[in-house]
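Spelled out, the chains give:
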Amino acid sequence: MKIALLGYGRMGKTIEQIALQKGHEIVLKVDENTKNYDITIADVAIDFSIPSVAFKNITNCFKNNVPVVSGTTGWLAKFEEAKTICKQQKGAFIYASNYSLGVNIFFELNNYLAKMMHHLDDYQISLEEIHHTKKLDAPSGTAITLAEDIIKHSSKNSWTLDVTNNETELPIVAKRIDDVPGTHSIKYKSKVDTIDIKHTAHNRDGFALGAVVAAEWLVGKTGVFTMKDVLGLNK
């Protein structure tokens with residue numbers, strides 16, 4: 001499989017290593033210094049770029065009939081527009097805030113726990129995420145996904161960053177610490193006890209492997225998909 005890497009930072013380099021180990025070919029490496037390139041030489045593109053160029057990268061793939069997997073966060077104000085263009089162009093698209101198998105299982109666990117806690121008003125809910133200092137956005141896309149699933153099953157109306165005294169909003173605390181690939185913790189605390197669930201990434205390999213697996217799965221398909229489709233969790 002011929003892969004184009006749209007974004008060649010730390011994650012792009014890790015994806016390259018994993019893809020090569022799996023026998024794939026990297027035919028494009030696009031970074032901020034790349035001016036012109038032919039995306040059509042690739043069977044599939046994997047976008048881990050930056051928020052300001054992600055939408056352009058993704059829609060360029062749609063217009064050139066190249067399936068695209070994106071893990072870039074911070075651009076989601078245009079997500080619905082991207083989905084519309086994908087459908088108009090009969091493209092293939094997967095977006096995930098996190099491609100790790102473990103994190104996607106954690107998403108399911110979080111959603112199930114939120115359903116169980118729905119009527120237990122004595123518990124205060126909070127969410128914390130920790131990432132490396134080079135991560136550009138806060139909170140992380142993974143934290144936002146976790147928060148949105150909690151909000152669906154609670155009395156909260158929205159999430160808020162680093163504000164912990166608002167009854168109608170779910171507080172997310174975002175920390176940036178050197179060399180932390182990603183840690184996400186959810187806490188339900190009452191006067192009598194505390195329930196915690198937590199996912200800790202030990203390195204970037206899990207994220208990269210999941211993105212390559214998603215790219216392998218997407219080739220030959222048409223439509224907008226999620227990691228639930230890739231992992232068969234919608235069944």
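The structure we're discussing is the one just above.
Description of the structure in this document. (Residues numbered from 1 in each chain as written. Predicted model: local features only at pLDDT ≥ 70, side-chain atom pairs only at ≥ 80, totals over all residues. Heavy atoms only, no water.)

1. Brief notes about the layout of surface pockets
Then comes step 1: Estimates place the volume of the largest pocket at around 1100 Å³.
Then comes step 2: Every residue lining the largest pocket is counted, 41 residues in all, and those nearest its centre are Gly 7, Phe 48, Ser 49, Ile 50 and Thr 72.
Then comes step 3: Of all the elements, helix 2 (residues 51-63) adds the most residues to the lining of the largest pocket, at 5 residues.
Then comes step 4: A per-class count over the lining of the largest pocket returns 14 nonpolar, 18 polar and 9 charged.
Then comes step 5: One number sums up the size of the second largest pocket: a volume of about 690 Å³.
Then comes step 6: Along the wall of the second largest pocket there are 31 residues; nearest its centre are Tyr 95, Ser 97, Thr 145, Glu 148 and Thr 226.
Then comes step 7: Looking at the lining of the second largest pocket, the elements with two or more residues in it are helix 3 (79-88), strand 5 (92-95), helix 4 (101-117), helix 5 (141-152), strand 11 (223-225) and helix 7 (227-231).
Then comes step 8: Looking at the lining of the second largest pocket element by element, the count peaks at 6 residues for helix 5.
Then comes step 9: Classifying every residue of the lining of the second largest pocket gives 14 nonpolar, 9 polar and 8 charged. (1 Å grid on protein atoms, 1.4 Å probe; cavity = no way out; pocket = protein on both sides within 12 Å on 5 of 7 lines; lining within 4 Å. Points joined across faces, edges and corners; volume = space filled by probe spheres on them. Helix = DSSP H or I, 4+ residues; strand = E, 2+ residues; numbered from the N terminus. Nonpolar A, V, L, I, M, F, W, Y, C, P; charged D, E, K, R; others polar.)

2. Quick notes on the pairing of strand 8 (residues 169-176)
Then comes step 1: By the bridge criterion, 5 bridges tie strand 6 (residues 124-131) to strand 8 in an arrangement that is parallel. When the bridges of strand 8 are listed, Leu 127 appears paired with Ile 172.
Then comes step 2: Note that strand 7 (residues 158-161) and strand 8 share 4 bridges and pair parallel. Across the sheet, the residue bridging to Trp 159 is Leu 170, located in strand 8. (Pairing = 2+ DSSP bridges.)

3. As for helix 6 (residues 205-218)
Then comes step 1: Compared with an ideal rise of 1.5 Å per residue, which puts 14 residues at 20 Å, helix 6 spans 20 Å between its outermost C-alpha atoms and is within 8% of the ideal.
Then comes step 2: Here helix 6 has its buried residues at Phe 207, Ala 208, Gly 210, Ala 211, Val 212, Ala 214, Ala 215 and Leu 218.
Then comes step 3: Buried residues belonging to helix 6 abut helix 1 (10-21), strand 3 (44-47), strand 4 (68-70), strand 5, strand 11 and helix 7.
Then comes step 4: One or two residues past the end of helix 6 sits Gly 220, with phi positive at roughly 90 degrees. (Expected span 1.5 Å × (residues − 1). Buried < 20%, exposed > 50% of the residue type's maximum accessible area, 1.4 Å probe, protein only. Contact = heavy atoms within 4.5 Å.)

4. Topic: the sheet that holds strand 2 (residues 25-30)
Then comes step 1: Strand order in the open sheet formed by 6 strands is 2-1-3-4-5-11, with parallel pairing between adjacent strands. Strands with a single pairing partner mark the edges of an open sheet, and in this sheet they are strand 2 and strand 11. Along the sheet, successive strands turn relative to each other by an average axial angle of 20 degrees, direction set aside.
Then comes step 2: The pairing of strand 3 with strand 4 spans 3 bridges and is parallel. Bridging from a neighbouring strand, Ile 46 pairs with Val 69 of strand 4. (Axes fitted to C-alpha atoms, helices over the stretch in contact; angles between N-to-C directions.)

5. Brief notes about unusual backbone geometry
Then comes step 1: The step from Ala 138 to Pro 139 runs through a cis peptide bond, and the omega angle for that step is -5 degrees.
Then comes step 2: Along the chain, Pro 139 turns up in the loop between strand 6 and helix 5.
Then comes step 3: In this structure, Asn 65 is a non-glycine residue whose phi angle is positive, near 60 degrees.
Then comes step 4: Tracing the sequence through the fold places Asn 65 in the loop between helix 2 and strand 4.

6. Thoughts on the pattern of salt bridges
Then comes step 1: Here the structure, examined in full by the defined rule, presents 8 salt bridges.
Then comes step 2: Between Glu 16 and Lys 29 there is a salt bridge whose closest N-O contact spans 2.8 Å. Placement of Glu 16 in helix 1 and of Lys 29 in strand 2 is noted, with a sequence separation of 13 residues between them.
Then comes step 3: Here Glu 16 falls in the buried class, since its relative accessible area comes to 13%.
Then comes step 4: On the accessibility criterion, Lys 29 (42% relative accessible area) is partly exposed.
Then comes step 5: Its salt-bridge partner being Lys 135, residue Asp 137 comes within 3.2 Å of it at the nearest N-O pair.
Then comes step 6: Owing to a relative accessible area of 15%, Asp 137 belongs among the buried residues under this scheme. (Salt bridge = Lys/Arg side-chain N within 4 Å of Asp/Glu carboxyl O.)

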